[in-house]
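A closer look at the structure
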Amino acid sequence: TPDKGGSCQSLMCCTSCATESGGWNINGKSYTDPFLCDGCGTMTSWKEFTVAGVTNRLYLGAAEDGTVLSDPTKLCIGAKAVAPPTSCDSGSFLEISVGRCLPCDASCTSCTGPSNFDCTGGCKYGRDSRGACAISAQQVSFATSSGSATISTPPPTTSAA
């Protein structure tokens, strides 16, 4: 039924599923065109490990981070259903597909995505000729130096058959 669909710790497998049409009342809730399955089951399996005195549990067969199950307002992250952040601190951006704030490229002070083309505001070292934030002070120095050497490519050689 629509209320069932596994959990972030174990996904559900079913022998058959079908999309029904029209309005349905299932367990006191109204659904339109529900996806109904039969012969469903789940299995939860985990391994625990300890590193530096901290024990963690790793769920085997758990949903991938970013998976949305029956509650569309939550994502699976670390085998738990959590509400994803809606914004991030400066120096990181929200990657909606996994519901996490990820770090900006090292050349950015703030950003909207992962590359040096996604920087917003100032760049740590300046912008290059393409408009991307330069990845180092050396890149800016090389790109703006007037004495840059041009290396020519030699013409191709042909060999006699």
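Source: prediction; values computed, not measured.

Another point: the overall build of the chain. Check the secondary structure of the chain and you find one helix and twelve strands. Counting over 161 residues, the chain shows a buried share of 18%. Counting contacts in the chain only where the partners sit at least 6 residues apart, residues at least 24 apart contribute 25% of the total. Carbon and sulfur atoms form 55% of the exposed surface of the chain, whose accessible area is close to 11200 Å².

For the rest of this paragraph, the subject is unusual backbone geometry. Non-glycine residue Ala52 carries a positive phi angle of around 50 degrees. Residue placement: Ala52 occurs in the loop between strand E5 (45-51) and strand E6 (54-60). At Ala79, a residue that is not glycine, the phi angle is positive and equals roughly 65 degrees. Mapped onto the fold, Ala79 is located in the loop between strand E7 (75-77) and strand E8 (80-82).

The biggest cluster of nonpolar side chains holds seven residues, and these are Phe93, Cys104, Cys108, Cys111, Cys119, Cys123 and Cys133. Looking at this core, the elements that each hand over two or more residues are strand E11 (108-111) and strand E12 (119-123). Beyond its immediate stretch of four places on either side in the chain, Cys119 contacts Ser107, Cys108, Ser110, Cys111, Arg127 and Cys133.

This next bit is on the pattern of salt bridges. Pairing is possible between side chains of opposite charge, provided their charged atoms come close. Evaluation of the coordinates by the stated rule reveals three salt bridges. Put simply, Asp65 and Arg100 hold a salt bridge, and the shortest N to O gap is 2.6 Å. With Asp65 in the loop between E6 and E7 and Arg100 in strand E10 (residues 100-103), this pair connects stretches of sequence that are 35 residues apart.

Criteria and cut-off values
Residues numbered from 1 in each chain as written. Predicted model: local features only at pLDDT ≥ 70, side-chain atom pairs only at ≥ 80, totals over all residues. Heavy atoms only, no water. Helix = DSSP H or I, 4+ residues; strand = E, 2+ residues; numbered from the N terminus. Buried < 20%, exposed > 50% of the residue type's maximum accessible area, 1.4 Å probe, protein only. Contact = heavy atoms within 4.5 Å. Areas by Shrake-Rupley, 256 points an atom, 1.4 Å probe, with all protein chains shown as cover. Core = buried A, V, L, I, M, F, W, Y, C linked by side-chain atoms within 4.5 Å. Salt bridge = Lys/Arg side-chain N within 4 Å of Asp/Glu carboxyl O.

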